[in-house]
Amino acid sequence: QVQLVESGGGLVQAGGSLKLSCAASKILLWLVDVGWYREAPGKERELIARITEDGYKIYADSVKGRFGIFRDSAKNTVDLHMENLKPEDTARYYCNTVPAFVAAGATYWGQGTLVTVSS
């Protein structure tokens, strides 16, 4: 079955940088729109960065200019480069297709990777 595995999260000070990576199996990430989502404590999961099948990139206003989404078709990965991190970026980050992948009537989500930004 489809698997999306996120990695690269951690604890970082405000102003710091992190690179998140999404590795996929049973799905070819260059054939679909792929997004990075995040879910902060007490908030709903939101889509913050998206790369379309043809390479167009779209960002939420909250991360525009600080985050970059990149796809490596050879590795079948999609990375999220995060710079100038702020405490409000603290969240669990997930990658998924856009819209989110559905199998057997259920929306699939991986484990995500936790990013904590200290002030």
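Here we summarise the structure given alongside this text. Since this is a predicted model, take the numbers as computed values, not measurements. (Residues numbered from 1 in each chain as written. Predicted model: local features only at pLDDT ≥ 70, side-chain atom pairs only at ≥ 80, totals over all residues. Heavy atoms only, no water.)

1. A look at the overall build of the protein chain
- Secondary structure assignment for the protein chain yields 0 helices and 12 strands.
- Tracing the protein chain from N to C terminus, the helices and strands come up as β-β-β-β-β-β-β-β-β-β-β-β.
- Against the globule reference of 14 Å for 119 residues, the protein chain gives a C-alpha radius of gyration of 13 Å, in line with a compact fold.
- With respect to the three principal axes, the spread of C-alpha positions in the protein chain is 40 × 25 × 20 Å.
- In the protein chain, buried positions account for 42% of the 119 residues.
- A fraction of 55% describes how many contacts in the protein chain between residues 6 or more apart in sequence connect residues 24 or more apart.
- For the protein chain, the computed accessible surface area is about 6,400 Å², with 51% contributed by carbon and sulfur atoms.
- Taken together, the 13 basic and 13 acidic charged side chains of the protein chain have centroids lying 2 Å from each other. (Helix = DSSP H or I, 4+ residues; strand = E, 2+ residues; numbered from the N terminus. Rg over C-alpha atoms; globule rule 2.2 N^0.38 Å. Buried < 20%, exposed > 50% of the residue type's maximum accessible area, 1.4 Å probe, protein only. Contact = heavy atoms within 4.5 Å. Areas by Shrake-Rupley, 256 points an atom, 1.4 Å probe, with all protein chains shown as cover. Lys, Arg positive; Asp, Glu negative; His and termini not counted. Charge placed at Lys NZ, Arg CZ, Asp CG, Glu CD.)

2. A closer look at the sheet that holds strand β6 (residues 57–59)
- Spatial strand order, β2-β12-β9-β4-β5-β6: 6 strands in an open sheet with mixed pairing. In the strand order of this sheet, the two ends are held by β2 (10–13) and β6, each with one partner. This sheet shows a mean twist of 25° between the axes of neighbouring strands, independent of strand direction. (Pairing = 2+ DSSP bridges. Axes fitted to C-alpha atoms, helices over the stretch in contact; angles between N-to-C directions.)

3. Some remarks on the nonpolar core
- Counting 29 residues, the largest nonpolar core has W36, I48, L80, M82 and Y93 as its most contacted members.
- Of all the secondary structure elements, the ones that give two or more residues to this core are β3 (18–25), β4 (34–39), β5 (46–51), β7 (67–72), β8 (77–82), β9 (91–97) and β12 (113–118).
- Broken down by element, this core gets its largest block of residues, 4 residues, from β3.
- Apart from residues no more than four positions distant in its own chain, M82 is found in contact with G16, S17, L18, L20, R66, F67, Y93 and V115. (Core = buried A, V, L, I, M, F, W, Y, C linked by side-chain atoms within 4.5 Å.)

4. Some words on the pattern of salt bridges
- In the structure shown here, the tally under the stated rule is 7 salt bridges.
- A salt bridge links R50 to D33; the shortest N-O distance between them is 2.8 Å. Of this pair, R50 sits in strand β5 while D33 sits in the loop between β3 and β4, and the two are 17 residues apart along the sequence.
- Under the relative-accessibility criterion, R50 is labelled partly exposed at 25%.
- Residues participating in the shared-partner salt-bridge network are R38, E46, R66 and D89. (Salt bridge = Lys/Arg side-chain N within 4 Å of Asp/Glu carboxyl O.)

5. Notes on the sheet that holds β7
- Taken in spatial order, the 4 strands line up as β1-β3-β8-β7 in an open sheet, and their pairing is antiparallel. Each edge of the open sheet carries a strand with a single partner, namely β1 (3–7) and β7. Between one strand and the next, the sheet's axes are offset by a mean angle of 15°, whatever the strand orientation.
- Bridge count for β7 against β8 is 6 bridges, and the pairing is antiparallel. Paired with D72 across the two strands is T77, which belongs to β8.

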